[in-house]
Amino acid sequence: GGEGGFWTEVRVPGLNLTVVAVRGTEFWRLSDYLEDVRMWTEPVMFSLLSTILPTIAAWSPQARAIATDTLHSLLEGVGLPDLEYKYMRLLRYIQTSVVPRV
């Protein structure tokens, strides 16, 4: 599969069909857990903040960006660097390799 087994691509040329299957978290891979922590920290943080600050829904995109940047700085401070999500690499692959074939 692509990207070290993160996804598998199956092509069916007769149907002009491409299926990309993405594997989930593998319990023995620390990198998968770190990816999950990074991926879910932001939505959980905003959900928790919305219980304390109900006005968070009215925050401007700039205010949310400042909060998100602060969160990423905190994560980096505890040793979780803000590396690119695997999802973004998959999306880029689909946009550059799969979509042009359609």
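Residues numbered from 1 in each chain as written. Predicted model: local features only at pLDDT ≥ 70, side-chain atom pairs only at ≥ 80, totals over all residues. Heavy atoms only, no water.

Novice: Please clarify how the packing of helix H1 (residues 30-52) against helix H2 (residues 61-77) should be interpreted in this entry.
Specialist: For the pair H1 and H2, interaxial distance at closest approach is 11 Å and the crossing angle is 125°. Taken together, the axis directions place H1 and H2 in an arrangement best described as oblique. For the element pair H1 and H2, the recorded crossing hand is right-handed. Residue-level inspection shows Thr41, Glu42, Met45 and Phe46 of H1 in contact with H2, the latter providing Arg64, Ala67, Thr68, Leu71, His72 and Leu75. (Axes fitted to C-alpha atoms, helices over the stretch in contact; angles between N-to-C directions. Helix = DSSP H or I, 4+ residues; strand = E, 2+ residues; numbered from the N terminus. Parallel < 35°, antiparallel > 145°, perpendicular 65-115°, else oblique. Left-handed = near helix turned anticlockwise from the far one by under 90°. Contact = heavy atoms within 4.5 Å.)

Novice: Help me understand the packing of aromatic side chains in this model?
Specialist: How two aromatic rings sit relative to each other is given by the distance of their centres and the angle of their planes. All chains considered together, the criterion is met by one aromatic pair. Ring centres 5.2 Å apart and planes at 35° place the aromatic pair tryptophan 7 and tyrosine 93 in the tilted group. Note that tryptophan 7 is positioned in strand S1 (residues 7-12) and tyrosine 93 in helix H3 (residues 86-98), a separation of 86 residues in sequence. According to the relative accessible area criterion, tryptophan 7 is buried, its value standing at 4%. (Phe/Tyr/Trp six-rings, centres within 6.5 Å; stacked < 30°, edge-to-face > 60°. Buried < 20%, exposed > 50% of the residue type's maximum accessible area, 1.4 Å probe, protein only.)

Novice: Can you help me understand the nonpolar core in this one?
Specialist: Soluble, globular proteins show a tendency: their nonpolar side chains are buried together. If you look at the biggest cluster of nonpolar residues, it comprises six residues: Met45, Phe46, Ile56, Ala67, Leu71 and Leu75. Secondary structure elements with two or more residues in this core: H1 and H2. No other element matches the three residues that H2 contributes to this core. Not counting residues within four places of it along the chain, the set of residues in contact with methionine 45 comprises Ala67 and Leu71. (Core = buried A, V, L, I, M, F, W, Y, C linked by side-chain atoms within 4.5 Å.)

Novice: What is the right way to read the environment of isoleucine 94 from this model?
Specialist: Take isoleucine 94: it is sitting in helix H3. Here isoleucine 94 falls in the partly exposed class, since its relative accessible area comes to 25%. Setting aside residues no more than four positions away along its own chain, isoleucine 94 makes contact with Val20, Val99 and Pro100.

Novice: I tried to follow H3 on my own but got confused; where do I start?
Specialist: Quick reminder: α-helices carry 3.6 residues per turn. Residues three or four places apart thus point the same way. With 13 residues, H3 extends 17 Å from end C-alpha to end C-alpha; this agrees with the ideal 18 Å at 1.5 Å per step. Three or more residues of H3 are buried, namely Lys86, Leu90 and Val98. Viewed along the axis of H3, the buried residues span an arc of 50°, placing them on a single side of the element. (Expected span 1.5 Å × (residues − 1). Arc of directions from axis to C-beta.)

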